[in-house]
Amino acid sequence: MASRPISGSNRGSWLGAGAPYVFIALFAVAGLAQLAGPGLALAVGLALFILGLGHGAGDENDGELRANSWALVAAYMVTGSAIPALYLAWPVLGLSTFLAFSAWHFARSDSGMDLLPRLAIAGLAVGGSALLRPHTTASVFTAALGEAPPTLLLLLLAVGGGAALLAAATSMALRHAGAKSAGLAALACLLFHPVLAVGLIFFGMHALPVQKR
């Protein structure tokens with residue numbers, strides 16, 4: 001397929017004119033799942049993760065519709081194998097590495113937003129729940145690790161979440177492109193189970209805007 005640069009005219013437009021309805025629908029589904037109990041909240045959060053995976057197919061193409069290079073494919077395969085292996089050998093280090101890569105990915109991807117809202121969304125995705133729902137977040141990490149997470153890890157994530165909240169508020173005050181999405185990410189962390197909140201942020205505030213561009 002021939003390369004076709006994507007126009008910058010959509011920058012800051014969320015997902016276009018219908019975006020508010022998309023976010024209303026996502027929050028409504030998340031709210032119903034939250035009310036139904038932690039089991040459904042967890043299931044819907046994981047479903048949102050799966051639905052958002054498709055954005056990676058074009059995320060590294062610099063705004064063009066073209067195939068990824070073999071070098072990039074190899075890098076993804078090596079990284080995708082190394083992090084699970086690290087997690088199995090040293091769960092805390094593997095989880096920390098995954099969270100760090102996730103924050104970097106959220107912040108650098110071209111989602112049509114300004115840098116500060118992207119940084120806010122990245123920080124909220126990995127640390128917002130640790131700040132606003134610390135006990136539930138600790139329980140999720142305990143289940144994932146098979147042991148209680150280090151206090152230092154939770155503290156660092158909470159500090160990052162606090163910085164992300166400040167970045168979201170600043171971006172809204174300055175009316176940056178993507179500021180509303182950052183504000184909704186903060187609201188998701190406040191309202192929902194951590195897995196559901198992160199799934200919602202990943203799908204609605206990251207994957208869909210990247211896929212749209």
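Worth saying up front: this structure is predicted, and the values here are computed from it rather than measured.

1. Observations concerning the overall build of the protein chain
No. 1: When its secondary structure is counted, the protein chain shows nine helices and zero strands.
No. 2: What you see in the protein chain, going N to C, is helices and strands ordered as α-α-α-α-α-α-α-α-α.
No. 3: Taken over 213 residues, the protein chain has a buried fraction of 40%.
No. 4: Once local pairs closer than 6 in sequence are excluded, the contacts in the protein chain between residues at least 24 apart make up 74%.
No. 5: Summed over its atoms, the accessible surface of the protein chain is roughly 11000 Å², and 73% of this surface lies on carbon and sulfur atoms.

2. Some thoughts on the nonpolar core
No. 1: Counting residues in each nonpolar core, the largest one holds 33 residues, and the members touching the most others are Ile121, Phe192, Leu196, Leu200 and Ile201.
No. 2: Looking at this core, the elements with two or more residues in it are helix H1 (19-36), helix H2 (38-52), helix H4 (91-108), helix H5 (115-132), helix H7 (151-173), helix H8 (179-191) and helix H9 (194-212).
No. 3: The residues contacting Ile201, other than those within four sequence positions of it, are Phe106, Ile121, Leu124, Ala125, Ala185, Ala188, Cys189 and His206.
No. 4: In terms of nonpolar packing, the next biggest core, distinct from the first, is built from ten residues, Leu95, Ala130, Ala138 and Ala158 among them.

3. Comments concerning H8
No. 1: Relative to the 18 Å expected for 13 residues at 1.5 Å per residue, H8 spans 19 Å between its end C-alpha atoms, a close match to the ideal helical length.
No. 2: Among the residues of H8, those classed as buried are Ala179, Ser181, Ala182, Gly183, Leu184, Ala185, Ala186, Ala188 and Cys189.

4. Side note on the side chain of Ser171
No. 1: Inspection of the secondary structure assignment puts Ser171 in helix H7.
No. 2: Residues contacting Ser171, with those up to four places away along its chain left out, are Leu116, Pro117, His176, Ala179 and Ala182.

5. Looking at the packing of aromatic side chains
No. 1: Taken as a whole and judged by the stated rule, the model has four aromatic pairs.
No. 2: Plain terms: the ring middles of Phe101 and Trp104 are 6.5 Å apart, the flat faces sit at 85° to each other, and that makes the pair edge-to-face. Of this pair, Phe101 and Trp104 both sit in helix H4, separated by three residues, roughly a single helical turn.
No. 3: In this structure Phe101 comes out as partly exposed when scored by relative accessible area, which is 41%.
No. 4: Ring plane angle 40° and centroid distance 6.2 Å describe the contact between Phe106 and Phe202, whose orientation is recorded as tilted. Note that Phe106 is positioned in helix H4 and Phe202 in helix H9, a separation of 96 residues in sequence. Phe202 carries the same exposure label as Phe106, and that label is buried.

6. Side note on unusual backbone geometry
No. 1: With a phi angle near 60°, Arg175 is a residue other than glycine that sits in the positive phi range.
No. 2: Secondary-structure assignment places Arg175 in the loop between H7 and H8.

7. Let's talk about the packing of H5 against H9
The geometry of a pair of packed helices is captured by two quantities: the angle between their axes and the separation between those axes.
No. 1: Put simply, H5 and H9 touch, their axes get as near as 9 Å, and they point 170° apart. Taken together, H5 and H9 sit at an angle that is classed as roughly antiparallel. In this structure, H5 uses Ile121, Leu124, Ala125 and Ser129 to contact H9, whose residues at the interface are Pro194, Ala197, Val198, Ile201 and Met205.
No. 2: For the contact of H5 with H9, the per-class residue count stands at eight nonpolar, one polar and no charged.

8. Here we look at the environment of Val126
No. 1: Within the secondary structure, Val126 sits in helix H5.
No. 2: Once the C-alpha coordinates of Val126 and Val198 are considered, the two residues, 72 residues apart in sequence, prove to be 7.6 Å apart.
No. 3: If near-sequence neighbours (up to four positions away) are discounted, Val126 is found in contact with Leu99, Ser102, Ala103 and Leu157.

Conventions used here
Residue positions are given per chain, counting from 1 as you read along its sequence in written order. It should be noted that, the model being predicted, local features are given only for residues of pLDDT at least 70 and side-chain atom pairs only at 80 or more, the latter also being counted only at that level, while totals for whole chains, interfaces and linings use all residues. Values shown for side chains rest on all heavy atoms present in the structure; no hydrogens or waters enter the calculation. Elements are defined by DSSP. Helices are runs of H or I of four residues or more, strands are runs of E of two residues or more, and each kind is numbered from the N terminus. For every residue, the accessible area obtained with a 1.4 Å probe (protein chains only) is divided by the maximum for its type, and the residue is called buried under 20%, exposed over 50%, and partly exposed between those limits. Two residues qualify as a contact provided that any one of their heavy atoms is within 4.5 Å of a heavy atom in the partner residue. Computed with the Shrake-Rupley method and a 1.4 Å probe, the accessible areas treat only the protein chains shown as cover for residues. Only buried Ala, Val, Leu, Ile, Met, Phe, Trp, Tyr and Cys residues count toward a nonpolar core, and they belong to the same one when joined by side-chain atoms within 4.5 Å. Each helix should span, by expectation, one fewer than its residue count multiplied by 1.5 Å. The aromatic pairing rule takes the rings of Phe, Tyr and Trp, using the six-membered ring of Trp, and pairs them if the centres are within 6.5 Å, calling planes under 30 degrees apart stacked, those over 60 edge-to-face and the rest tilted. All axes are obtained by fitting lines to C-alpha atoms, using only the stretch in contact for helices, and the reported angles, taken between N-to-C directions, cover 0 to 180 degrees. By definition in this entry, angles of less than 35 degrees are roughly parallel, angles greater than 145 are roughly antiparallel, angles of 65 to 115 are roughly perpendicular, and the rest are oblique. Asp, Glu, Lys and Arg are counted as charged, while Ala, Val, Leu, Ile, Met, Phe, Trp, Tyr, Cys and Pro are counted as nonpolar; the rest, among them Gly, fall into the polar class.

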